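Structural features, examined
The chain contents come next:
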Amino acid sequence: MTQQYRITLLPGDGIGPEIMAIAVRVLETIGEKFDLKFEFQEALIGGSAIDATGEPLPAATLETCKQSDAVLLAAIGGYKWDSLPRHLRPETGLLGLRSGLQLFANLRPATILPQLIDASTLKREVVEGVDIMVVRELTGGIYFGQPRGVFTTETGEKRGVNTMAYTESEIDRIGRVAFETAQKRSKRLCSVDKANVLEVSQFWRDRMIALSAEYPDVELSHLYVDNAAMQMVRAPKQFDTIVTSNLFGDILSDAAAMLTGSIGMLPSASLGASNPGVYEPVHGSAPDIAGQDKANPLAQVLSAAMMLRYSFNQSEAATYIEQAVLKVLDQGYRTGDIFSEGKTLVGCQAIGDAIVAAL
Ligand code: NAD
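So, here's what we can say about the structure.

Reading guide: rules and limits
- One numbering rule holds for all chains: residues counted from 1, following each sequence as written.
- For a predicted model such as this one, the threshold for reporting local features is a pLDDT of at least 70, and the threshold for listing and counting side-chain atom pairs is 80 or more; totals across whole chains, interfaces and linings nevertheless cover every residue.
- Note that water and hydrogens are dropped before the side-chain values are worked out from all heavy atoms of the structure.
- Numbering of helices and strands starts at the N terminus; helices are DSSP runs of H or I of at least 4 residues and strands are runs of E of at least 2.
- Within these notes, the globule rule equals 2.2 Å times the number of residues to the 0.38 power, and the radius of gyration is based on C-alpha atoms.
- Relative accessibility thresholds used throughout: buried, under 20% of the residue-type maximum; exposed, over 50%; partly exposed, between the two (1.4 Å probe, protein chains only).
- Whether two residues are in contact is decided by their heavy atoms, any of which lying within 4.5 Å being enough.
- Here the open area of atoms and residues is found with the Shrake-Rupley method and a 1.4 Å probe, where only the protein chains shown may cover a residue.
- Note on charges: Lys and Arg go in the positive column, Asp and Glu in the negative column, and His and the chain ends are not counted at all.
- Each charge is placed at NZ for Lys, CZ for Arg, CG for Asp and CD for Glu.
- A 3.5 Å cut-off defines polar contacts: any pair of N or O atoms within that distance qualifies, except that in protein one atom must be a possible hydrogen donor and the other a possible acceptor, and neighbouring residues in sequence count only when both atoms are side-chain atoms.
- Note on pairing: DSSP must find at least two bridges between two strands before they are called paired.
- Assignment of crossover handedness uses the view with strands pointing away from the viewer, where a clockwise path from the first strand over the helix to the second indicates a right-handed crossover.
- The rule is short: rings of Phe, Tyr and Trp, with Trp giving its six-membered ring, pair when the centres are within 6.5 Å, and they are stacked under 30 degrees, edge-to-face over 60, tilted in between.
- For this description, a residue counts as near a given molecule or strand if any of its non-hydrogen atoms is within 4 Å of it.
- When residues are sorted by character, Ala, Val, Leu, Ile, Met, Phe, Trp, Tyr, Cys and Pro go into the nonpolar class, Asp, Glu, Lys and Arg into the charged class, and all the rest, Gly among them, into the polar class.
- Where helices are involved, their axes are fitted lines through C-alpha atoms of the stretch in contact, as for all axes, and angles between N-to-C directions lie from 0 to 180°.
- Convention used here: angles under 35 degrees read as roughly parallel, angles over 145 as roughly antiparallel, angles from 65 to 115 as roughly perpendicular, and any remaining angle as oblique.
- Each crossing is labelled by how the near helix is turned from the far one, with a counterclockwise turn of less than a right angle marking it left-handed and a clockwise turn marking it right-handed.

Focus: the overall build of the protein
The number of helices and strands found in the protein is 12 helices and 14 strands. Against the globule reference of 21 Å for 359 residues, the protein gives a C-alpha radius of gyration of 21 Å, in line with a compact fold. With the C-alpha coordinates of the protein rotated into their principal frame, the extents come out at 65 × 50 × 45 Å. Per-residue burial for the protein yields a buried fraction of 51% across its 359 residues. Residue pairs at least 24 apart in sequence account for 76% of intrachain contacts in the protein once pairs closer than 6 positions are excluded. About 16000 Å² of surface is accessible on the protein, with carbon and sulfur atoms providing 51% of the total. For the protein, the separation between the mean place of its 32 positive charges and that of its 43 negative charges on side chains is 2 Å.

See below:
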């Protein structure tokens with residue numbers, strides 16, 4: 001029987017519409033092959049939403065997202081909107097989407113593709129074979145804890161404050177996502193904290209240890225965040241799945257991403273408990289190359305593959321897309337951001353055509 005899925009498309013700004021168009025073609029092609037029917041609904045977010053409605057996340061967009069099975073987002077932002085007040089900035093739309101859909105888990109894979117190994121700034125022997133998944137808590141911790149602000153003390157001195165706080169349920173729900181993610185991978189989970197200094201981190205560690213009883217097949221280890229950062233660049237192959245809090249995850253996931261050396265290749269997923277997940281490339285809207293057919297659509301295409309795997313449980317179709325991406329790289333096609341000597345420089349459209357042909 002044909003499986004049906006409703007997908008909200010949020011092309012956003014800059015290169016967003018160009019790379020989204022390629023992802024849609026890939027999904028349509030894979031749909032025919034695997035007997036999956038996708039119903040696409042496009043909605044506004046970011047700068048394009050500001051231009052059309054005055055708001056970066058119109059209520060209608062959030063509602064459309066809530067009614068769908070998954071959301072595929074491209075990127076938002078651009079010079080044009082950079083000087084607007086904070087509540088009217090494109091990024092505010094993104095934060096609103098995350099909180100509106102209660103997306104508490106951010107999954108960011110960093111996989112070194114053999115074809116692009118020389119794009120990494122680290123030595124080949126250090127990064128060859130790296131395949132890391134960072135599971136970052138997204139809606140708690142120091143980015144949201146109260147009190148926060150800049151206050152004046154009794155002596156008249158100013159004092160800036162943020163609060164790192166986690167409840168048991170907040171830790172347990174991200175922990176469960178991480179253990180289940182590790183189960184789908186090589187069953188090794190490293191929890192990163194700062195339990196030697198922070199009470200909140202000791203609590204985090206205690207909860208991860210308690211949860212591990214429910215996942216006897218997953219091997220749990222712990223690292224302090226400073227050591228984790230060091231190990232990430234010293235010997236990244238030791239990591240499989242990493243789980244960590246909002247602040248530490250923000251930093252470590254960017255470091256892990258850069259092991260691969262190519263921002264145009266990295267997908268991500270943000271998941272909640274019951275709402276649809278949001279799938280998007282790690283990169284931004286690249287306004288410097290927008291509308292020039294220079295964008296690399298592969299992170300967007302790989303985000304669509306992640307959506308098939310994590311929201312629709314269509315692992316085989318997801319793998320098929322990932323294999324097609326590898327095949328196109330094997331054929332030597334490269335967009336400007338991943339181009340090297342001896343390869344064939346192509347634009348966004350042409351590499352999209354090559355993926356569809358490979359499928
Ligand atoms: P960026 O990721 O957009 O671009 C950084 C550099 O990488 C640029 O030189 C760009 O041309 C290149 N690049 C990025 N993606 C590429 C791709 N797919 N193919 C080829 N080259 C690519 O980051 P930035 O320049 O710091 O930000 C630009 C805008 O994007 C800003 O308005 C920023 O707020 C926004 N942004 C949005 C998101 C998001 O939507 N999640 C994330 C980061 C930045």
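Brief notes about the environment of Ser 68
Among the structural elements, Ser 68 can be located in the loop between helix 3 (59–66) and strand 3 (70–75). Spatially, the C-alpha atom of Ser 68 lies 9.2 Å from that of Phe 40, the residues being 28 residues apart in sequence. Among all residues touching Ser 68, those that are not within four sequence positions of it are Arg 6, Ile 7, Thr 8 and Pro 276. At a separation of 2.6 Å, a polar atom in the side chain of Ser 68 contacts the main-chain carbonyl oxygen of Cys 65. In terms of polar contacts, Ser 68 uses its side chain to reach the backbone carbonyl oxygen of Ala 70, at 3.4 Å.

Focus on the pairing of strand 2 (residues 36–42)
Sheet topology places strand 1 (residues 3–12) next to strand 2; seven bridges connect them, and they run parallel. Bridge pairing in strand 2 places Thr 8 opposite Gln 41. Since strand 1 and strand 2 lie parallel, the crossover through helix 1 (residues 16–34) that links them has a hand, and here it is right-handed.

Quick look at the packing of aromatic side chains
Inspection of the entire model under this criterion finds seven aromatic pairs. Relative to Tyr 320, the ring of Phe 34 has its centre 5.4 Å away and its plane inclined at 75°; by these criteria the two rings are edge-to-face. Taken as a pair, Phe 34 in helix 1 and Tyr 320 in helix 11 (residues 315–330) lie far apart in primary sequence, 286 residues in all. Judged by its relative accessible area of 32%, Tyr 320 falls in the partly exposed class. Plain terms: the ring middles of Phe 38 and Phe 40 are 6.1 Å apart, the flat faces sit at 35° to each other, and that makes the pair tilted. The partly exposed category is assigned to Phe 40, whose relative accessible area is 24%. Joined through ring pairs, the aromatic side chains of Tyr 5, Phe 38, Phe 40 and Phe 312 make up one cluster.

Quick word on the site of the ligand
In the region of the ligand, 18 residues are neighbours, and Glu 91, Gly 284, Ala 286, Asp 288 and Asn 296 sit closest. Separating a nitrogen atom of the ligand from a side-chain N or O atom of His 283 is a distance of 3.2 Å. In the complex, the protein chains occlude 68% of the 800 Å² of accessible area that the ligand would expose alone. For the shell around the ligand, a count of residues per class yields eight nonpolar, six polar and four charged.

What to know about the environment of Ser 268
By the element assignment, Ser 268 lies in strand 11 (residues 267–271). When near neighbours in sequence (up to four residues on either side) are disregarded, Ser 268 contacts Asn 106, Leu 107, Arg 108, Pro 109, Val 278, Tyr 279, Glu 280, Val 282, Ser 303 and Met 306.

Brief notes about the packing of helix 1 against helix 12 (residues 348–358)
At their nearest, the axes of helix 1 and helix 12 sit 10 Å apart, and the two run at 10° to each other. As summarised for this structure, helix 1 and helix 12 are arranged roughly parallel, according to the angle between their axes. For the pair formed by helix 1 and helix 12, the contact residues are Glu 18, Ile 19, Ile 22, Arg 25, Val 26 and Thr 29 on the first element and Cys 348, Gln 349, Gly 352, Asp 353, Ile 355 and Val 356 on the second. When its residues are assigned to classes, the contact of helix 1 with helix 12 shows six nonpolar, three polar and three charged.

Thoughts on the side chain of Thr 181
Structurally, Thr 181 can be placed in helix 6 (residues 168–184). Discounting chain neighbours no more than four positions away, the residues touching Thr 181 are Leu 107, Met 133, Val 135, Thr 241 and Tyr 310.

Comments concerning the packing of helix 1 against helix 10 (residues 298–310)
Where helix 1 contacts helix 10, the axes come no closer than 8 Å and their chain directions differ by 45°. Considering the angle they form, helix 1 stands oblique to helix 10. Note that helix 1 runs across helix 10; the crossing there is right-handed. For the pair helix 1 and helix 10, the contacting residues are Ile 19, Met 20, Ile 22, Ala 23, Val 26, Leu 27 and Ile 30 in the first and Gln 300, Val 301, Ala 304, Met 307 and Leu 308 in the second. Tallied by class, residues from the contact of helix 1 with helix 10 come to 11 nonpolar, one polar and no charged.

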